[in-house]
Amino acid sequence: MAISRILVVGSGGREHALAWRLARDAHAPRLIVTPGNDGMARALERLDVSDTDAAGIVRAARDARVDLVVVGPESALAAGVSDALVEAGTPCFGASRAAARLESSKWFAKEVMREAGVPTARAFACESETEAFAALETLGAPHVVKADGLAAGKGVLVTSDLAEARAFVRDCLGGGRFGAQARVVIEEFLVGEEASIIAICDGERHVLLPPARDHKRAFDGDAGPNTGGMGAVAPPTAVDAEVERITSEQVVTPMLRAMAARGTPYRGALYCGLMLKPVGTAASERVRVVEFNARFGDPETQVMLPLVEGDFAALLASAARGALEPRHIGRATGAAVTIALVDEGYPERALGTGTIEGLDALEGRDGLFVFHAGTRREGDGWRVKGGRAAYVTATGEDAATARERAYAACATLRGAHWRMRSDIGAGPGVPAATQHGMGGQ
Ligand code: AMP
Ligand code: GLY
């Protein structure tokens, strides 16, 4: 059955990229977004139902007679949006609330990994400061401390400073930072190269999308606090065919079996955040899981989807039906790089005073795509509402070309009180690019 109407739930750069890619399918389906953002509203029909209003989304999907709903953010999954749609008989691509616990609880994910024999860092779940401080001593520096709940990518501290690690534990358990957390997870520090691999799953089978690498730290040279993601590259040099095979066989397949055995089959995008060892390392040692997310990555989606060929809607619809048809998609050759344009105060606070000029002029240029997130239309330009405002993605025959094009495009932007990293897509040891036209300087 051809998919002619699709509703995408969410309002970030990830959802903009999803809607953009779905609209490019051969059948040219009609795309509706909710709640979307001003940038998406220019080319797509936009509703104003909140992404956590499960009943409202069920009604909107029925009223618009959509053939498929694609759920973007973890908050929507945790609010049971997928469960409500499935119950109402509307085909939905997105994990159930029970399956999405792989993301919403770091400790639940560790338990399922242990059950499934999936390679990951040694970890302790701690419910008191005393326990947590003892675990910090046992595992030693560098310390990895994780809040055991949803924290928009900011609930993790990696530090060699024991006092800082202890203060973060206190913050998490004391309810100061992310609301009341009953638990923190203290984890062994993993050494290697990070990569994100996303599997489209139907509960039993899966297919991998092109791999990507996110840059999570706020500043150049991987300095500063963790963010939701400052940019990404696909494919990353650290991922070869062996890494993909191991991820499929030792991570995704056992996780799908374990989730099905628990009575909560995993249907949706399974994001595997990985730490990789170089070629030549024993296969059993090459891949370790850092985290799972129950959704597409943001900003990984903004570089993966430009490299996906074929009928993406048919792929997601087949997964939603529990009858995955991987033949619907293929991979383009070449690479993609995306740069996040963020509020100058991100991630610590939102100034909300930023403006970005010149974004519209980048649209429609070959191999260049603009995806909006926290922007608001203001005159001919864009106001930065806060956080990650927009993404500039470029494709090219290799990562260096894509990176060059993306930064050349960003160099044409003007405005104030926004910033970007200048070393996205640069490999380890590769120096940052020269500073290009950064806003507010
Ligand atoms: P997470 O939200 O679990 O992905 O953690 C955010 C970031 O912290 C990851 O992308 C890694 O850069 C870093 N990180 C998390 N856990 C570990 C670990 N066990 N070892 C090394 N780095 C880690
Ligand atoms: N880019 C990391 C994430 O989507 O959580």
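Residues numbered from 1 in each chain as written. Chains lettered and ligands numbered in written order. Predicted model: local features only at pLDDT ≥ 70, side-chain atom pairs only at ≥ 80, totals over all residues. Heavy atoms only, no water.

Under an unreviewed UniProt entry, the name given to the protein is Phosphoribosylamine--glycine ligase, and the source organism is Eiseniibacteriota bacterium. The annotation that UniProt attaches to the protein under Pathway (unreviewed entry) is "Purine metabolism; IMP biosynthesis via de novo pathway; N(1)-(5-phospho-D-ribosyl)glycinamide from 5-phospho-alpha-D-ribose 1-diphosphate: step 2/2." Per UniProt, the comment on the protein under Sequence similarities (unreviewed entry) is "Belongs to the GARS family." (UniProt positions renumbered as here; feature names shortened; annotations may be inferred.)

A few words on the layout of surface pockets. Computed from the structure, the second largest pocket encloses a volume of approximately 290 Å³. Every residue lining the second largest pocket is counted, 16 residues in all, and those nearest its centre are His16, Trp20, Ala43, Val370 and Phe371. Elements that contribute at least two residues to the lining of the second largest pocket include exactly α1 (13–23), α2 (38–41) and β22 (368–372). Taken together, the residues that form the lining of the second largest pocket break down as 10 nonpolar, 3 polar and 3 charged. (1 Å grid on protein atoms, 1.4 Å probe; cavity = no way out; pocket = protein on both sides within 12 Å on 5 of 7 lines; lining within 4 Å. Points joined across faces, edges and corners; volume = space filled by probe spheres on them. Helix = DSSP H or I, 4+ residues; strand = E, 2+ residues; numbered from the N terminus. Nonpolar A, V, L, I, M, F, W, Y, C, P; charged D, E, K, R; others polar.)

Once rolled over the atoms, a probe with the size of a water molecule shows which space is left empty. Inspection of the entire model under this criterion finds 2 cavities of 30 Å³ or more. Estimated volume of the largest cavity: approximately 80 Å³. Mapped by element, the contributors of at least two residues to the lining of the largest cavity are α6 (101–104), α7 (106–116) and β17 (287–293). In terms of residue class, the lining of the largest cavity is built from 5 nonpolar, 1 polar and 6 charged. By volume, the second largest cavity is sized at about 50 Å³.

Its 21 residues place the ends of helix α10 (residues 241–261) 29 Å apart at the C-alpha level, agreeing with the 30 Å of an ideal helix rising 1.5 Å per residue. Of the residues making up α10, those classed as buried are Val243, Glu244, Ile246, Thr247, Ser248, Val251, Val252, Pro254, Met255, Leu256, Ala258 and Met259. N-capping of α10 is provided by aspartate 240, with a side-chain oxygen placed 3.2 Å from the backbone N of glutamate 242. Once α10 ends, the next one or two residues include glycine 263, with phi positive near 85°. (Expected span 1.5 Å × (residues − 1). Buried < 20%, exposed > 50% of the residue type's maximum accessible area, 1.4 Å probe, protein only. Polar contact = N/O pair within 3.5 Å; in protein donor to acceptor, adjacent residues only side chain to side chain.)

According to the stated counting rule, one finds 34 salt bridges in the structure shown. Residues arginine 30 and glutamate 45 are paired through a salt bridge, measuring 2.5 Å at the closest nitrogen-oxygen approach. Of this pair, arginine 30 sits in strand β2 (residues 30–35) while glutamate 45 sits in strand β3 (residues 45–46), and the two are 15 residues apart along the sequence. Overall, arginine 30 belongs to the partly exposed group, its relative accessible area being 36%. The exposure class assigned to glutamate 45 is partly exposed, which follows from its relative accessible area of 36%. (Salt bridge = Lys/Arg side-chain N within 4 Å of Asp/Glu carboxyl O.)

What follows covers the site of ligand 1. If you check the shell around ligand 1, you find 15 residues, and the closest are Glu187, Glu188, Leu190, Glu194 and Glu291. Within the side chain of lysine 146, an N or O atom sits 2.9 Å from an oxygen atom of ligand 1. With respect to ligand 1, the side chain of lysine 216 contributes an N or O atom lying 3.0 Å from an oxygen atom. Within the complex, the protein chains bury 93% of what would otherwise be the 470 Å² of accessible surface of ligand 1. Elements that contribute at least two residues to the shell around ligand 1 include exactly β7 (143–147), β8 (156–159) and β17. (Near = heavy atom within 4 Å. Areas by Shrake-Rupley, 256 points an atom, 1.4 Å probe, with all protein chains shown as cover.)

With that settled, the discussion passes to the pairing of strand β20 (residues 335–343). Of all 9 residues making up β20, 9 are buried, and the element is well covered by its neighbours. Note that β20 and strand β25 (residues 388–396) share 8 bridges and pair antiparallel. Looking across to β25, one finds that alanine 340 is bridged to tyrosine 391. Bridging between β20 and strand β27 (residues 418–419) involves 2 bridges; their strand directions are antiparallel. Counted as the bridge partner of aspartate 343 is tryptophan 418 from β27. (Pairing = 2+ DSSP bridges.)

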